[in-house]
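Listed below are the residues making up each chain.
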Amino acid sequence: MRKLVTAIALGVAVATATACSPPPERPALARAAEEIITDNGLVIDGEQIADPDLWTQAQAEGGITLYSGYTAVTEATVLKNFEKDTGLDVKLVRLTPNRLYERLVAEYGAGRLDADVVRISDAGFVSGLSERGVFQPYTPPTAGELQDDVVFDGGNYYRTFDPIYTMGYNSALIEGDDRPASWADLLDDRWKGNLGIAQAGAGGSALALTRFQRNVLGDDYLREYSSEARVFDSIGAQLDALARGEIEAGTVVVSSVNIANNENAPVNFVVPEEGLTAYDYYTGVASTAKNIAAAQVFMNWNLSKRGQQVFSDLGEYSVRNDIDPPVIRGIELPEFTDPKVNRITQSESIENSANDQEAWNAIFGYNE
């Protein structure tokens, strides 16, 4: 039997700092599990993640290979918590979603896909993979408190969380009343030459933001923004430039800002008056899975209350009804159902992505 209980600290230890002392450990981005019991399957915080038979098989397999397009540092934090909770190892193959899709199609077509689990954004990518047969149906026993529109293609894959795309700023350069409060604020001459945006082809996230901006703010807004902004090839490159002060404000993903801030980067985000966007991230068991039991445990954990709390702690919207909206750096995000939250659904994304890409490229004068 293994039983692990996380205690709540009741006091503060005081240590004498010395010149050679290591820097203080950064606070954990996601809270630890309160209780893990493994004497009758796997139970975390009172919820059964695996029954005894599944747990025995998963332990014998030892772990999984995960193909993921999720942001590298964010995925690493999720996997750190999963591995700590379960003792199962995860071999990560991580690429940007467009590159990952190309690799998945090529490897699956050649009969040499090694993935046990696939995680990817972009509605077109995931539906295309499902049509090709990359996934196999599975119904996690932890999937009892899910929102609507979470299960796709008969359980082939699941909307597992929704990252939040909004606007942010360099908190070392911008303070107090100078901080933008709305998307409209960024069109002020004060920001000219100091704005950034990731190009729409950077992935499903950037296209989701484009859909929101065109639908809520309008093409005229994007035209004016384009005259003031520097275009980056990826969200990560833009966030790096924002942290270095090469730009002062721009478009950001909340979870990425949270992690960067935890690394002492001077970046923060805003919940704009006009709203923000949320886009789907999908996860499914691969039809090629060799470690099927461990892959099922991974899916069970992802959709469990424990796994979903990890995503929320990082700054993503949960797909469960019993998880509160994220509170990141003291900022409480709106409820997922709040009109300010513009979730780009799978059908909406597939219907508009090609036209949005073409329109964005034309507005920004961008050649892929």
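All values derive from a computational prediction rather than experimental measurement.

What counts, and where the lines are drawn
Residues numbered from 1 in each chain as written. Predicted model: local features only at pLDDT ≥ 70, side-chain atom pairs only at ≥ 80, totals over all residues. Heavy atoms only, no water. Helix = DSSP H or I, 4+ residues; strand = E, 2+ residues; numbered from the N terminus. Rg over C-alpha atoms; globule rule 2.2 N^0.38 Å. Contact = heavy atoms within 4.5 Å. Areas by Shrake-Rupley, 256 points an atom, 1.4 Å probe, with all protein chains shown as cover. Lys, Arg positive; Asp, Glu negative; His and termini not counted. Charge placed at Lys NZ, Arg CZ, Asp CG, Glu CD. 1 Å grid on protein atoms, 1.4 Å probe; cavity = no way out; pocket = protein on both sides within 12 Å on 5 of 7 lines; lining within 4 Å. Points joined across faces, edges and corners; volume = space filled by probe spheres on them. Nonpolar A, V, L, I, M, F, W, Y, C, P; charged D, E, K, R; others polar. Core = buried A, V, L, I, M, F, W, Y, C linked by side-chain atoms within 4.5 Å. Buried < 20%, exposed > 50% of the residue type's maximum accessible area, 1.4 Å probe, protein only. Expected span 1.5 Å × (residues − 1). Patch = residues over 30% accessible without salt bridge, like charges linked within 9 Å, V, L, I, M, F, W, Y side chains within 5 Å. Salt bridge = Lys/Arg side-chain N within 4 Å of Asp/Glu carboxyl O.

## Examining the overall build of the protein chain
Then step 1. Looking only at helices and strands, one finds eleven helices and 20 strands in the protein chain.
Then step 2. Taken over the C-alpha trace, the protein chain has a radius of gyration of 21 Å; the compact-globule value for 368 residues is 21 Å, and the two agree within 12%.
Then step 3. Based on the C-alpha atoms only, the size of the protein chain along its principal axes is roughly 65 × 60 × 40 Å.
Then step 4. Within the protein chain, contacts between residues separated by at least 24 positions form 77% of all contacts whose residues are at least 6 apart in sequence.
Then step 5. Looking at the protein chain as shown, the accessible area adds up to about 16,200 Å², and 46% of this sits on carbon and sulfur atoms.
Then step 6. Across the protein chain, the mean location of the 29 positive side-chain charges is 5 Å away from that of the 54 negative side-chain charges.

## Structural notes on the layout of surface pockets
Then step 1. Estimates place the volume of the largest pocket at around 600 Å³.
Then step 2. What lines the largest pocket is a set of 30 residues, among which Thr71, Arg94, Ser234, Ile235 and Gly236 lie closest to the centre.
Then step 3. Contributions of two or more residues to the lining of the largest pocket are made by α3 (97-109), α5 (204-217), α7 (235-244) and α8 (254-262).
Then step 4. Considering each element in turn, the lining of the largest pocket owes the most residues, five residues, to α7.
Then step 5. Here the lining of the largest pocket is built from residues that sort into 13 nonpolar, twelve polar and five charged.
Then step 6. The space that makes up the second largest pocket amounts to roughly 400 Å³.

## Structural notes on the nonpolar core
Then step 1. Formed by 72 residues in total, the largest nonpolar core has its most connected members in Leu42, Ile64, Trp183, Leu186, Tyr225, Val297 and Phe364.
Then step 2. With eight residues, the top contributor of residues to this core is helix α9 (residues 292-303).
Then step 3. If you look at the next biggest cluster of nonpolar residues, it comprises 20 residues, including Val252, Val254, Leu276 and Ala278.

## Observations concerning α5
Then step 1. In this model, α5 (14 residues) spans 19 Å end to end at C-alpha, consistent with the 20 Å of a helix rising 1.5 Å per residue.
Then step 2. Counting buried positions along α5 yields twelve of 14 residues, so the element is predominantly enclosed.
Then step 3. Along α5, the residues that are buried comprise Gly204, Ser205, Ala206, Leu207, Ala208, Leu209, Thr210, Arg211, Phe212, Gln213, Arg214 and Leu217.
Then step 4. Once α5 finishes, Gly218 follows within two positions and takes phi at roughly 95°, a positive value.

## Things to note about a negative patch on the surface
Then step 1. A cluster of acidic residues, Asp185, Asp188, Asp189, Glu224 and Glu273, forms a negative patch on the protein surface.
Then step 2. The exposure class of Asp188 is partly exposed, given its relative accessible area of 45%.

## A short note on the side chain of Glu75
Then step 1. Of note, Glu75 is situated in helix α2 (residues 72-86).
Then step 2. Sequence-distant contacts of Glu75, that is, excluding residues within four places in its chain, are made with Leu66, Ser68, Tyr70, Leu92 and Arg119.

## Quick look at the pattern of salt bridges
Where side chains of opposite charge bring their charged atoms close, a pairing between them can arise.
Then step 1. Tallied over the entire structure, the rule returns 18 salt bridges.
Then step 2. In this structure, the salt-bridge partner of Arg306 is Asp85, at a minimum N-O distance of 2.7 Å. With Arg306 in helix α10 (residues 305-314) and Asp85 in helix α2, the pair connects residues that are 221 residues apart, well separated along the chain.
Then step 3. Using a relative accessible area of 5% as the deciding quantity, one classes Arg306 as buried.
Then step 4. Between Glu107 and Arg103 there is a salt bridge; the shortest N-O distance is 2.7 Å. With Glu107 and Arg103 both in helix α3 and four residues apart, this pair spans about one turn of that helix.
Then step 5. According to the relative accessible area criterion, Arg103 is partly exposed, its value standing at 33%.

## A closer look at empty space enclosed by the protein
Then step 1. Under the criterion given, the structure shown has one cavity of 30 Å³ or more.
Then step 2. Quantified by volume, the largest cavity comes out at close to 140 Å³.
Then step 3. Lining the largest cavity are 16 residues, with Ala123, Gly204, Ala208, Ile344 and Ser349 sitting closest to its centre.
Then step 4. Put simply, the parts of the chain that give the lining of the largest cavity at least two residues each are α5 and α11 (346-364).
Then step 5. When the residues that make up the lining of the largest cavity are grouped by side-chain class, the tally is six nonpolar, five polar and five charged.

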